[in-house]
Structures are given as C-alpha cells and as structure tokens.
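Below, each chain spelled out in residue letters.
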Amino acid sequence: MRFPDVVYMRWAKGRPAARIDLARSGAEPCPASALGLTSRDLVVTLPVRDGYPPLRRAIARRYGVRSEQVFTVSGGTGFANWFACAAALDGSPRGSEVIVERPTYEPLRRIPEALGYRIRRLDRRFDERYAVNVERFEKLVTRRTRLAVLSNLHNPSGARIDFETLQRVAAILRRVGAYLVVDEVYLECLFGRRPQSCVHAGSNVLTTNSLTKAYGLDGLRAGWMLGPQEMVRRAWRIQDLLANNGVAPGEQMTLAALKRLPAIRRRVHVTLDRNLERLAEYFERERRLQVWVPEGGNVAFPRLPRKIDADAFAKRLLDRYSTHVVPGHFFESPRHFRISFGCRPALLERGLSNISRALDDLT
C-alpha cells in the first residue's frame, strides 16, 4: 500500500508567515480563560475505556443522539473523518466505490483512496451555487457503491445542503447498503439558527465534527463522529489498533468548553456576523470576482477572471502584500481561491483591500 500525498496539507504546514492570513480556516483562537478551568481541575490520565463518558454524554445531549452513537478522538475532525470512512468501509470487497464531492477538501478524497477504494466524483458546480444535484448523484450510485462523502457547509464554498436533500441522498445509498459521511464542522458557524445535525438525515448517516472552525478551539484537537451504534463499535475496534485512551486534559477541556459554549458562541458570533456582512458588501462592489456569498461558515470561494492565473494571483498577494489565500488548485478549481473571514475585522478589511490591489496589478 502507498499512501497518497496530500498536497494541500504539505502546503498549509509549510507556507511562510504573512501579516494577513486569510488562508487559515478557523475562528480567532479562544482564550483558555473562557473555559473556566485551572490546572487543579485537570488530570493527566483518565480511566481507560471507549472515550471519556462525561464528554460522550455531553456531545450526545447537544446533538440529540444516544451516547452509544458517539465516538470521540483526540485529533479533530480530520481524525474523525478517517475513522468514519474506515468504519463505513470495513469489510467492503475489492472493487468497491466511494463517491466524493468535487470540489472538496483534499483529505476527504484522499482518505478512501488511502484505504484502497476507487473514487467516483460528484460535481458541485459553481453555476448551481455548489448545490448537491440529487439526480446527478443517483446516476453515480451502483451496486459497488459503499460510501459517499460530503461536507456541509461545503468546504471550500460554504454552500449549505438542505436537510431534505441529505435525506434523499441517504435514501439512495440505503438501497444499495451504502453509508453517507458528512463533515459538518462548518455547520457550527450558522449562529443565527442552529440546524439539527446531519446524522438525523438517515439511519445510514455518519457525521464528523469538532470545536475548531466555529469556536477557535482547534488546539484542543477534540473530534467526534456520530452515527449508527454498529459504526461506533467498529470505530472503537479500529482505534484499538492505535491507542487505548485519548488525551485526558484535552477531553476535560472539551467538556468544559461544551458547558460554556453559549458564551463562547456569543464572542465568536459578533466577529463572524460582522465579517460576513462586510464580505457581502465587498463582493457586491468588486465585480471582477464572482462568488456565492455563503449564509454562514467562515470561508468563501471566489472565481477570478479567465485571464488571471490563480497561482500567480496568490503569489502576488503574498509577495507584494503579505496576504495569504488558498489557491484553488488545491480544491481542483484552478480559477478560484479560498478565503477565510474568521479573523479580526481589521485584518479582513486590509486583506480584502489587498485582494483588490492585486487584481489591479494583474488586470
């Protein structure tokens, strides 16, 4: 077996520093004081079992499932995605297929590739506002299909999949005995109204999540998967290959964060709402870029004029204006670039101004 290169992650980990970082996809870091803990509240080791029971119960209450449907992992949504795919594909024969959206966050397609499965692609098209076309999806499903992988909100565009569409997709997969994995980490950023977890879209749906993108708690590296109890049992069995327990301080801090999430949410909500409004105003004025402004999240995916190369544009932004964006080729969309608006409003303002200045340079 040869594991595929994840070129986006190599780039993200090795990119040079910039004064304005619109490539980082999370909210501003949450201060440790917001958790209301001291060092005396934490222990280094917890009893070895399948996760930290108080944390599993807290997650279950938040998303309306049973604690037996919660798998936790110290590794964020990325690790949760790996376990979800591994559990859903466990026992699948050679030649089995996995449907993965396009464009997508690269690890979401690399994980099933690394596990040895054939990938088929569901195009989420710019001219359709990156919606999931159910008829197009159904044509991809065969007797060999074992899994489909989507993100909601969509990474990189921020587009939302409505619940009825998720139910239809899950029902199509259920007919061939396949599962649906939904990375819903950006769904946490819909602050105005909190939608129910995608796990409720069907009995064959698994979801992955964490407190990273919406709450600035990525340093905790707390991730989880929700799904059918049998899938959770498989995930714990797979985890037995790797470790016997999680990171105890991280699990305790995550539990504290969940208890204080309303206050943390309010702090982030002020910034993201203001930034989303500013983003909409900017793209209304900057007509050289085409974009569907998302209803929430903290990323958007503008399209450049045909005569401008996205890599050259990103390089100009970095070299001349010390501003980072993510070139679209990492998402198989070479005319696009991804920006995050989870930063401080003043930084976003400067970053948007620099984007226009770079456009001036190249047009």
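In this report, we go over the structure that sits alongside the text. (Residues numbered from 1 in each chain as written. Predicted model: local features only at pLDDT ≥ 70, side-chain atom pairs only at ≥ 80, totals over all residues. Heavy atoms only, no water.)

1. What about empty space enclosed by the protein?
Thinking step 1. In the structure shown here, the tally under the stated rule is two cavities of 30 Å³ or more.
Thinking step 2. Computed from the structure, the largest cavity encloses a volume of approximately 60 Å³.
Thinking step 3. What lines the largest cavity is Leu46, Pro47, Arg49, Gly51, Tyr52, Asn245, Gly246, Ala248 and Glu251.
Thinking step 4. Taken as a whole, the second largest cavity encloses approximately 40 Å³ of empty space.
Thinking step 5. Along its surface, the second largest cavity is lined by Arg49, Gly51, Thr72, Val73, Ser74, Trp236, Gln239, Asn245, Gly246 and Glu251.
Thinking step 6. Taken together, the elements giving at least two residues each to the lining of the second largest cavity come down to β2 (70–74) and α8 (229–239).
Thinking step 7. Here the lining of the second largest cavity gets three residues from one element, more than from any other, and that element is β2.
Thinking step 8. Among the residues making up the lining of the second largest cavity, the classes are represented as two nonpolar, six polar and two charged. (1 Å grid on protein atoms, 1.4 Å probe; cavity = no way out; pocket = protein on both sides within 12 Å on 5 of 7 lines; lining within 4 Å. Points joined across faces, edges and corners; volume = space filled by probe spheres on them. Helix = DSSP H or I, 4+ residues; strand = E, 2+ residues; numbered from the N terminus. Nonpolar A, V, L, I, M, F, W, Y, C, P; charged D, E, K, R; others polar.)

2. Quick word on the pairing of β2
Thinking step 1. The buried fraction of β2 is high, at four of five residues.
Thinking step 2. In terms of strand pairing, β2 meets strand β8 (residues 222–226) through five bridges, oriented antiparallel. Bridge pairing in β8 links Ser74 to Ala222. (Buried < 20%, exposed > 50% of the residue type's maximum accessible area, 1.4 Å probe, protein only. Pairing = 2+ DSSP bridges.)

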